[in-house]
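Listed below, chain by chain, are the residues.
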Amino acid sequence: MRLGVLDIGSNTVHLLLVDAHPGAQPVPFASHKRPLSLVQFLEPDGSINDDGQHELTEFVLEAWEFAAKHKAEDLLAFCTSAIREAANGPAVLARVKHETTVTLQELTGSEEASMTFFAVRRWYGWGAGPILNLDIGGGSFEMAYGEDELPELATSVPLGASRLTRDWLAGDPPSAKSVKELRRYIRSTLKPVVRDFEKLAKVNHVAGTSKTFRSLARIAGAAPSGAGPYVKRELFASDLGLWAQRISAMEVKDRLNLPGVSEARAPQLLAGALVAEAALELFEFPSMEICPWALREGLILRRLDQLVFEGPLDPAPHVTGTGQPADPQLPDGEAAAASA
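All values derive from a computational prediction rather than experimental measurement.

Asks: So what exactly am I meant to see when it comes to unusual backbone geometry here?
Replies: Across the chain, the bulk of peptide bonds are trans and the bulk of non-glycine residues have phi less than zero. P173 follows D172 through a cis peptide bond whose omega is 0°. Structurally, P173 is set in the loop between α5 (161–168) and α6 (176–198). Of note in the backbone geometry, K71 takes a positive phi value of approximately 60° without being a glycine. With respect to the secondary-structure elements, K71 resides in the loop between α1 (50–69) and β4 (74–79). Residue class for K71 comes out exposed when judged on its relative accessible area of 58%. The backbone phi angle of T101 is positive, close to 70°, even though this residue is not glycine. Turning to its location among the elements, T101 is positioned in the loop between α3 (89–100) and β5 (105–106).

Here it is, written out as structure tokens:
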């Protein structure tokens, strides 16, 4: 069966289609994405402006058509901190629903951390023991710990790389003073959260998910993505300290020359490095391993588990039997009739 996950993040909007069935590893079939920094469309009151809403709606329609073209049987559509924390988040979700008929599920920070942890546990298995997973997004930073498939503690803090860059790192490159102030802010935000984790059992394995961690590991010498997902990739605290210092002195255009750094990620690379550096320091771990599975895979795996009990899927409501998108202006029944 073919499943799709539509991920509305803070930096990128991404549809991933996979072929899978319960008990099997999801195999990527196709992907459709584009850079879309919703943070850049925020008004002073924290609301997403009309241009941002239009860009979002256009992509959801694109993704819907892409899923229909490739005969997806189920489509999970979700959004994270970019919309969750917007002043007009509910209105944005309502507009997307009205103009596309696609319902975006709004994940809380703890749900996001939990589903990412779930994917990490499935990737490493029970042999990894108690896992601490760290995930740097555009708007938030998630942390989760557990010995089981779902975490015992999962939390989120507003330390996303895009958010911090916008709020703290003006200038290209930013001033030494602004970098110092951001370091202080990151640590003051993380310290009380880290204390909550210290009350739990000992961590046996530290994992890092998200494009930010993958980029930082690649800069520090880890294997490129072309080497495949099974190559072990580590990120060391000692390398983070060195590279955070170097990146702080670079202009954005110079960061693009670093391996594994895209045009969309280059501006926020320094903020991501500072969060990663502070996290490893405060948790007192010398390194972490980069996990190739994250939130999208967690949601897919959870959906497959549900199918064990629920049985076969009905056709996805976002995709008609002809493989064409339904007319978003029509109710479901009329849309199906119109496409027949």
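Asks: Looking at this model, I keep getting lost on the packing of aromatic side chains. Mind explaining?
Replies: One pair of aromatic rings is described through two measures. These are the centre distance and the angle between the planes. Counted under the stated rule, the structure contains 4 aromatic pairs. Aromatic pair W123 and Y230: ring centres 5.7 Å apart, planes at 10°, arrangement stacked. With a gap of 107 residues between them, W123 in helix α4 (residues 109–124) and Y230 in the loop between α7 (211–219) and β10 (234–236) connect regions that are remote in the sequence. Given the relative accessible area of 63%, Y230 is considered exposed. For the ring pair W123 and W293, a centre distance of 5.1 Å and an interplane angle of 65° mean the geometry is edge-to-face. Pair noted here: W123 is in helix α4 and W293 is in the loop between β11 (287–290) and α11 (295–310), with a separation of 170 residues, a long-range link. We note R2 situated over the ring of F29; from NZ or CZ to the ring centre the distance is 3.5 Å. The ring of W243 has R246 lying over it, and the distance from NZ or CZ to the ring centre is 4.6 Å.

Asks: What's the story with the pattern of salt bridges in this structure? I'm lost.
Replies: Once their charged atoms are close, side chains differing in charge can pair, the charge on each being opposite to the other. Inspection of the entire model under this criterion finds 18 salt bridges. Here D74 makes a salt bridge to R303, at a shortest N to O gap of 2.7 Å. Taken as a pair, D74 in strand β4 and R303 in helix α11 lie far apart in primary sequence, 229 residues in all. A relative accessible area of 9% places D74 in the buried class.

Asks: I tried to follow the sheet that holds strand β8 (residues 153–157) on my own but got confused; where do I start?
Replies: Either a parallel or an antiparallel arrangement is found when strands of a sheet pair, and the pairing is made through backbone hydrogen bonds. Here we have 6 strands laid out as an open sheet, ordered β8-β7-β6-β9-β11-β10, and mixed in their pairing. Strand pairing shows two members of the sheet lacking a second neighbour, β8 and β10, which therefore form its edges. Sheet twist, expressed as the mean angle between neighbouring strand axes with direction ignored, is 25°. Its contacts with the sheet put α6 on β6 (131–136), β7 (141–146) and β8, and the angle it makes with β8 is roughly 180°. Here helix α10 (residues 269–283) sits on the sheet and contacts β6, β7, β10 and β11; the angle it forms with β6, its principal contact strand, is near 160°.

Asks: How should the sheet that holds strand β1 (residues 2–8) be read in this particular structure?
Replies: Spatial strand order, β3-β2-β1-β4-β5: 5 strands in an open sheet with mixed pairing. Both edges of this open sheet fall to β3 (27–35) and β5, since each of them pairs with a single strand only. Relative to β4, β1 runs parallel, the two sharing 6 bridges. Note that in β4 the partner of L6 across the bridge is A77. Relative to β3, α1 is tilted by about 160°, and along the sheet it contacts β1, β2 (12–19) and β3.

Reading guide: rules and limits
Residues numbered from 1 in each chain as written. Predicted model: local features only at pLDDT ≥ 70, side-chain atom pairs only at ≥ 80, totals over all residues. Heavy atoms only, no water. Helix = DSSP H or I, 4+ residues; strand = E, 2+ residues; numbered from the N terminus. Buried < 20%, exposed > 50% of the residue type's maximum accessible area, 1.4 Å probe, protein only. Phe/Tyr/Trp six-rings, centres within 6.5 Å; stacked < 30°, edge-to-face > 60°. Lys NZ or Arg CZ within 6 Å of the ring centre and 35° of its normal. Salt bridge = Lys/Arg side-chain N within 4 Å of Asp/Glu carboxyl O. Pairing = 2+ DSSP bridges. Axes fitted to C-alpha atoms, helices over the stretch in contact; angles between N-to-C directions. Contact = heavy atoms within 4.5 Å.

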